[in-house]
Amino acid sequence: MISFSQVYKRYPGGHEALKNLSFTIEAGEMAFITGPTGAGKSTLLKLVAAIEKPSSGSVVVSGQNIGKLRRSAVPYLRRNFGLVFQDHKLLYDRNVLENVILPLDIAGLPRAEGMKRARAALDKVKLLGLEKASPISLSGGEQQRLCVARAIVNRPTIVLADEPTGNLDAEYAGEIMEMFKSFNQVGVTLLIATHDESLITRYSSRVLHLKQGELS
Ligand code: ADP
Ligand code: ADP
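Residues numbered from 1 in each chain as written. Chains lettered and ligands numbered in written order. Predicted model: local features only at pLDDT ≥ 70, side-chain atom pairs only at ≥ 80, totals over all residues. Heavy atoms only, no water.

The name given to the protein in an unreviewed UniProt entry is Cell division ATP-binding protein FtsE, with the source organism recorded as Sulfuricella denitrificans. Its UniProt record gives the protein a comment under Function (unreviewed entry), which states: "Part of the ABC transporter FtsEX involved in cellular division. Important for assembly or stability of the septal ring." (UniProt positions renumbered as here; feature names shortened; annotations may be inferred.)

Structural data, given as structure tokens:
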């Protein structure tokens, strides 16, 4: 489903963020990417999401070679993804339901079907009943669950999460992880970047350790 072969990533003017990465993630796998800040975790996820292209080597996702992908093909590929990224902020001038339904509106789904799916997504993250609330009134853990609902509302086959538990205390962080595990149990492929090693010790999932851009 996700295959890296001898991948290097060099940012303009920067040093190598990723060096000679080769690995494969099978459909239905849940894998963690760990390593200290600057190790290249975000870069790896951005390559999978076609936000960045590899400098050399190949990244193949759902049969598509990311390095050779035409710009016009990117939105089609992205439909398979749910992204929980730090720069995808919630919209504080819209309510909880509107935040979740937005990706479906953009995809052109009929409103009634959108409502149904948005409620189902909110149910999965245990936020049903808060549809009309403003995201700003939610706790940090609830806001993060809302980000997860927004990421899964289009029923993605792959979920990519970059430090999804970043600012949360242990209890909330555990909830998010359990949620990801339940998505994985229904067949979603997950790739989760975290610097927090303590969070993943209780899961038997595969761990890719990055150190200065290399797998160790
Ligand atoms: P992590 O997510 O593990 O903290 P990143 O993938 O964000 O690591 O960064 C890996 C390296 O690439 C770091 O040295 C970082 O400064 C550099 N880097 C990341 N994004 C850019 C960019 N857009 N331009 C230049 N350098 C970058
Ligand atoms: P993360 O830990 O999630 O990678 P960062 O704070 O490292 O977040 O990066 C925030 C943004 O800045 C990202 O879009 C990243 O690509 C960019 N960035 C990171 N390091 C550099 C850098 N050295 N030069 C330019 N842009 C960078």
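Back to the text.
A. Fine view of the site of ligand 1. Around ligand 1 lies a shell formed by Y11, H15, A17, P36, T37, G38, A39, G40, K41, S42 and T43. In this structure, an oxygen atom belonging to ligand 1 sits 2.8 Å away from a side-chain N or O atom of S42. T43 places a side-chain nitrogen or oxygen 2.6 Å from an oxygen atom of ligand 1. About the coverage of ligand 1: the protein hides 63% of its 550 Å² of free accessible area. (Near = heavy atom within 4 Å. Polar contact = N/O pair within 3.5 Å; in protein donor to acceptor, adjacent residues only side chain to side chain. Areas by Shrake-Rupley, 256 points an atom, 1.4 Å probe, with all protein chains shown as cover.)

B. Representation of unusual backbone geometry in the model. In this structure, A50 is a non-glycine residue whose phi angle is positive, near 60 degrees. Summarising the element assignment, A50 is placed in the loop between α1 (41-48) and β4 (56-61). According to the relative accessible area criterion, A50 is buried, its value standing at 13%. One non-glycine residue with positive phi stands out, namely E163, at about 45 degrees. (Helix = DSSP H or I, 4+ residues; strand = E, 2+ residues; numbered from the N terminus. Buried < 20%, exposed > 50% of the residue type's maximum accessible area, 1.4 Å probe, protein only.)

C. Representation of the sheet that holds strand β3 (residues 30-34) within the structure. Pairing in this open sheet of six strands is mixed, and the strands run β6-β7-β8-β3-β9-β10 from one edge to the other. Only two strands of the sheet have a single partner each, and these edge strands are β6 (81-84) and β10 (214-215). Across the sheet, helix α5 (residues 140-152) is in contact with β6 and β7 (158-162); its angle to β6 comes to roughly 160 degrees. (Pairing = 2+ DSSP bridges. Contact = heavy atoms within 4.5 Å. Axes fitted to C-alpha atoms, helices over the stretch in contact; angles between N-to-C directions.)

D. Focus on the sheet that holds strand β5 (residues 64-65). Reading across from one edge, β2-β1-β4-β5 is the order of the four strands in this open sheet, with antiparallel pairing throughout. Two strands in the sheet have a free side with no partner beyond their single neighbour: β2 (16-25) and β5. Examined bridge by bridge, strand β1 (residues 2-10) and β2 share six bridges and lie antiparallel to one another. Looking across to β2, one finds that R10 is bridged to E16. Strands in contact with α1 are β1, β2 and β4; relative to β1, the strand with the most contacts, it is inclined by about 120 degrees.

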